[in-house]
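Coordinate inspection notes
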Amino acid sequence: MLEIEDVSISYGPVSAVRHVSLTVEAGEIVALLGPNGAGKTSLLSAAMGLRPLAGGRIRFKGEDLRRLDTETRVRRGITLTPEGRRVFANLTVFENLELGAATRRRGAAVQADMEMCFTLFPILAERRGQTGGSLSGGEQQMLAIARALMSRPSLLMLDEPSLGLAPRIVGQIFRLIRDLRDRDLTILLVEQNAHDVLRFADRAYVLSTGEMRYGGPAAPLQNSGALMQAYIGDA
Ligand code: ATP
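What comes next is a walk through the structure. What you are looking at is a predicted structure, and each value in this text was computed from that prediction instead of being measured.

**Quick look at the sheet that holds strand 5 (residues 63-64)**
Spatially, 2-1-4-5 is the arrangement adopted by the four strands of the open sheet, whose pairing is antiparallel. The open sheet has two edge strands, strand 2 (14-24) and strand 5, and neither has a second partner. Note that strand 1 (residues 2-11) and strand 4 (residues 55-60) share five bridges and pair antiparallel. Along strand 4, the bridge assignment pairs Ser-8 with Gly-55. Its contacts with the sheet put helix 1 (residues 40-48) on strand 1, strand 2 and strand 4, and the angle it makes with strand 1 is roughly 115°.

Shown next, in the form of C-alpha cells:
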C-alpha cells in the first residue's frame, strides 16, 4: 500500500534521513522504531507531503506521490495523527471531528462516520460539546485519532500516540489501534515504546541516525536484546 523507496530527507545542510526504504502492506500494523532524532517524524512528514524529498520516491497504492499536495494525499486515503496530539483547543470535540472531514463533501456518510467515532470512543460522545483543550491527555489523543479517521483513510500514520500518557491509557490506545486494524485499516505506527508495540505489530523497522538498521517481522526484534540495546537503548 505504501512504498518508501531509497528516500533521503534534509533540513538545509543537515541530512536527517539517508536512503531509507520501507513498505506497508494492506491490513498490516507496521512499527517504526528508533531513538530521538532518528528521522521517524521526518519520514511520516515526507509521506504526508509536508517535507520535500532530497532523493528517492514514495508510492501509495502504486501511485507516485511526488506531484500530489497534502490535501490530495488525504483524499487518496493517507492520514497522519501528529506527535503531541494537536487538537484544536478552542473548538469543541464535535467541531474538531468536523474539521477532520474537511476534504469530504458533507452528507450522510460524514454523519455516519461521526457516529462511528462516537461508538469507538464513547468518552468523546459524552464530551462532544466540550472544547478540545479541556480534555485529558488520553482523551485528546483519542480525539486526534478520531479526527484522522474522519477523512476515511485507508492508511493511518500515528506519530508516538503513547507519548506522555499513563500506562493504563497507553494500553487503551494500543488496543484501539489493534481494533482499527481489524476494521481493515492499515497502520504505520511510530513509537519509542518498543516493547509494547512489538507484541502486536506485524512487522517492524528500526531507524537510527537517519539510517535503517532493521526491517522484518516484529517477533525476532523482541528477542534480540543486542539490536534493541544498540538502537533503541531503553528497550
Ligand atoms: P523524535 O522522536 O525526537 O521526534 P524523530 O525520530 O522523529 O525523533 P525527526 O524529528 O525526524 O526524528 O528528526 C530527525 C533529524 O532531523 C534530527 O537530527 C533533527 O534534529 C532534525 N530536524 C528535524 N526537524 C528539523 C527542522 N525543522 N530543522 C532542522 N533540523 C530538523
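**Examining the site of the ligand**
Of all residues adjacent to the ligand, which total 13 residues, the nearest are Asn-36, Gly-37, Lys-40, Thr-41 and Ser-42. In this structure, Ala-38 approaches the ligand through a main-chain N or O atom, which is 3.0 Å from an oxygen atom. One of the side-chain nitrogen or oxygen atoms of Gln-192 is found 3.3 Å away from an oxygen atom of the ligand. In isolation the ligand offers 630 Å² of accessible surface; the protein chains occlude 60% of this area. Here the shell around the ligand gets three residues from one element, more than from any other, and that element is helix 1. For the shell around the ligand, a count of residues per class yields four nonpolar, six polar and three charged.

**Section: the packing of aromatic side chains**
Under the definition given, this model contains one aromatic pair. Measuring from centroid to centroid gives 5.3 Å for Phe-174 and Phe-200, while their planes differ by 55°, and the two rings are tilted. Separated by 26 residues along the polypeptide, Phe-174 in helix 7 (residues 167-182) and Phe-200 in helix 8 (residues 194-200) bring together distant segments of the chain. Judged by its relative accessible area of 8%, Phe-200 falls in the buried class. Positioned above the aromatic ring of Phe-118, the side-chain terminus of Arg-128 is 4.2 Å from the ring centre.

Criteria and thresholds
Residues numbered from 1 in each chain as written. Predicted model: local features only at pLDDT ≥ 70, side-chain atom pairs only at ≥ 80, totals over all residues. Heavy atoms only, no water. Pairing = 2+ DSSP bridges. Helix = DSSP H or I, 4+ residues; strand = E, 2+ residues; numbered from the N terminus. Contact = heavy atoms within 4.5 Å. Axes fitted to C-alpha atoms, helices over the stretch in contact; angles between N-to-C directions. Near = heavy atom within 4 Å. Polar contact = N/O pair within 3.5 Å; in protein donor to acceptor, adjacent residues only side chain to side chain. Areas by Shrake-Rupley, 256 points an atom, 1.4 Å probe, with all protein chains shown as cover. Nonpolar A, V, L, I, M, F, W, Y, C, P; charged D, E, K, R; others polar. Phe/Tyr/Trp six-rings, centres within 6.5 Å; stacked < 30°, edge-to-face > 60°. Buried < 20%, exposed > 50% of the residue type's maximum accessible area, 1.4 Å probe, protein only. Lys NZ or Arg CZ within 6 Å of the ring centre and 35° of its normal.

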